[in-house]
Amino acid sequence: MPVPQAPDSRTRTGAIAFGLAGVLFVLYEAVAPRADQTTLEGAESWTTAGWAVAHVAAIVALILVPLAYGSLRGHLEGTRNEKTAFLAATIGYIGSALTISYYGAEVYGLRAIGERAVADGDATMTEVADAFRLDSVAMTVFAIGLVLIAVAAVIAAVAVWRSGTLNRWSGVPFAALMVTFLPQFFLPHSGRIAWGALVTIAALWLAAEMWRAAAKTPAKDLQAA
């Protein structure tokens, strides 16, 4: 009588991480106020709970995604695709770290500037925000981080495609959306929310595939994948 296979807890951890990250991405896009940020109203929006919640959600999502890639590596352990997933996780960690450094300024720095602008009734304080948001070093670090996030997602999609245990297309939509992470900042608010919703759907598909594979695929079958 065959012994029942216990679900792979590492793979299911990755599934949970992907699912939570997806939900947090749409939360980030949906709850952040998008007033004209050159005005006093825009400065006041930086002091709101919505602004803080949105950007903290983005930070947590960016932490969870490379953690999920690490779980994918665990799922593919002992196969020729393990190194590919490990590379995705490594690049993803670096990309997220660089990007989060900019988001930290968005959460904490802009709040302080917004509070001062509102207290003084001085909309010109928003120029201080632009001074560090558009700083060449800050923008370069942010852009490099987003590029690395995109590269990591593409590499992870390759690992999923070759896995033999996950639907080969399940990593493609998420990778495509991470590639458009930077361009989506130039969309109107409704477009950004739509982008976040698509990320949620794509991440949940990956989560479902990993959850299913955790119980369905014995380790011995992975060796040949």
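For the structure, check the block above.
Rules used in this analysis
- Residues numbered from 1 in each chain as written.
- Predicted model: local features only at pLDDT ≥ 70, side-chain atom pairs only at ≥ 80, totals over all residues.
- Heavy atoms only, no water.
- Axes fitted to C-alpha atoms, helices over the stretch in contact; angles between N-to-C directions.
- Helix = DSSP H or I, 4+ residues; strand = E, 2+ residues; numbered from the N terminus.
- Parallel < 35°, antiparallel > 145°, perpendicular 65-115°, else oblique.
- Left-handed = near helix turned anticlockwise from the far one by under 90°.
- Contact = heavy atoms within 4.5 Å.
- Nonpolar A, V, L, I, M, F, W, Y, C, P; charged D, E, K, R; others polar.
- Salt bridge = Lys/Arg side-chain N within 4 Å of Asp/Glu carboxyl O.
- Buried < 20%, exposed > 50% of the residue type's maximum accessible area, 1.4 Å probe, protein only.
- Core = buried A, V, L, I, M, F, W, Y, C linked by side-chain atoms within 4.5 Å.

Draft legend 1. Molecular detail of the packing of helix α4 (residues 82–120) against helix α5 (residues 126–133). In contact at an axis separation of 10 Å, α4 and α5 are set at 165 degrees when each is read in the N-to-C sense. Overall, the two elements α4 and α5 adopt an arrangement that is roughly antiparallel. The interaxial crossing formed by α4 with α5 has right-handed handedness. Between α4, through Tyr102, Ala105, Glu106, Gly109, Leu110 and Ile113, and α5, the contact on the second element is made entirely by Val128, Ala129, Phe132 and Arg133. Taken together, the residues of the contact of α4 with α5 break down into 7 nonpolar, 1 polar and 2 charged.

Draft legend 2. Just the pattern of salt bridges, in detail. Under the defined criterion, the tally for this structure stands at 8 salt bridges. Arg34 is paired through a salt bridge with Glu29; the nearest N and O atoms lie 3.5 Å apart. For Arg34, a relative accessible area of 27% corresponds to the partly exposed category. Exposure remark for Glu29: the relative accessible area of 0% places this residue in the buried category. The partner of Arg73 in a salt bridge is Glu82, and the shortest N-O contact between them spans 2.5 Å. A relative accessible area of 21% places Arg73 in the partly exposed class. When salt bridges that share partners are traced, they join Glu29, Arg34 and Arg192 into one network.

Draft legend 3. Expanded view of the nonpolar core. One finds Phe25, Tyr69, Leu72, Phe174, Met178 and Phe181 to be the most contacted residues of the largest nonpolar core, which totals 52 residues. Looking at this core, the elements that each hand over two or more residues are α1 (9–31), α3 (49–75), α4, α6 (136–163), α7 (172–179) and α8 (189–216). Residue contributions to this core peak at 11 residues, all from α3. The residues contacting Phe174, other than those within four sequence positions of it, are Phe18, Val65, Tyr69, Ala153, Val199, Ala202, Ala203 and Leu206. In terms of nonpolar packing, the next biggest core, distinct from the first, is built from 8 residues, Trp46, Ile113, Ala117 and Ala129 among them.

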